[in-house]
Amino acid sequence: MKNHEDKYLEAKQKVGRIKCFYIHLITFLIFNAIFATFNYYENSWSYAWFLWITFGWGIAVISDYLKAFERNPLFNKKWEERKISEYMAKEVKRQNWE
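Residues numbered from 1 in each chain as written. Predicted model: local features only at pLDDT ≥ 70, side-chain atom pairs only at ≥ 80, totals over all residues. Heavy atoms only, no water.

Undergrad: Is there a simple way to think about a nonpolar patch on the surface in this case?
TA: Where nonpolar side chains cluster on the molecular surface, the patch consists of Ile-26, Ile-30, Phe-31 and Ile-34 and spans about 370 Å² of accessible area. Positionally, Ile-34 belongs in helix 1 (residues 4-43). Since its relative accessible area comes to 46%, Ile-34 is described here as partly exposed. (Patch = residues over 30% accessible without salt bridge, like charges linked within 9 Å, V, L, I, M, F, W, Y side chains within 5 Å. Areas by Shrake-Rupley, 256 points an atom, 1.4 Å probe, with all protein chains shown as cover. Salt bridge = Lys/Arg side-chain N within 4 Å of Asp/Glu carboxyl O. Helix = DSSP H or I, 4+ residues; strand = E, 2+ residues; numbered from the N terminus. Buried < 20%, exposed > 50% of the residue type's maximum accessible area, 1.4 Å probe, protein only.)

Undergrad: What exactly am I supposed to notice about helix 1 here?
TA: Count 3.6 residues to each turn of an α-helix, and residues three or four apart come out pointing the same way. The end-to-end C-alpha separation of helix 1 is 58 Å, in line with the 58 Å expected for 40 residues at 1.5 Å each. Along helix 1, the residues classified as buried are Phe-21, His-24, Phe-28, Asn-32, Ala-36 and Asn-39. On the buried face of helix 1, the contacting elements are helix 2 (50-68). Looking one or two places after helix 1, you find Ser-44, whose phi comes out positive at around 50°. (Expected span 1.5 Å × (residues − 1). Contact = heavy atoms within 4.5 Å.)

Undergrad: Help me understand the side chain of Asn-39, please; the structure alone is not making it clear to me.
TA: Mapped onto the elements, Asn-39 comes out in helix 1. Of the residues examined, Asn-39 reaches a relative accessible area of 0% and is grouped as buried. In this structure the side chain of Asn-39 is engaged in a polar contact, spanning 3.0 Å, whose partner is the side chain of Asn-43. The residues contacting Asn-39, other than those within four sequence positions of it, are Ser-44, Trp-45, Tyr-47, Ala-48, Trp-49 and Phe-50. (Polar contact = N/O pair within 3.5 Å; in protein donor to acceptor, adjacent residues only side chain to side chain.)

Undergrad: Can you help me understand helix 2 in this one?
TA: Its 19 residues give helix 2 an end-to-end C-alpha distance of 26 Å, which sits within 8% of 27 Å, the value for a rise of 1.5 Å per residue. Within helix 2 the residues assigned to the buried category are Phe-50, Gly-58, Val-61 and Ala-68. Where helix 2 is buried, its residues touch helix 1. Glu-70, located one to two residues past helix 2, shows a positive phi value of around 50°.

Note that all results are geometric; they support no functional claim without further evidence.
This is the structure we're talking about:
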């Protein structure tokens, strides 16, 4: 069972991840607006090269979102706990055989 200090540290880490996500999101929006503006003045979007940057960087922003808000369907907290239980059970079984 977790004590109060453990819960506080876990909450602090979650808030830190959320804060980092918002900083990343704001940076993403500002810089992509700058890139789009520069692209427009350079060639009136005859070739919208800024979209490549937006797409690539957007993948990283989505990844940060999934981590910050624990929405990752593949490697979430339940998955971690299940894998830990599996490995611990295997270790106990292995020790019993020795």
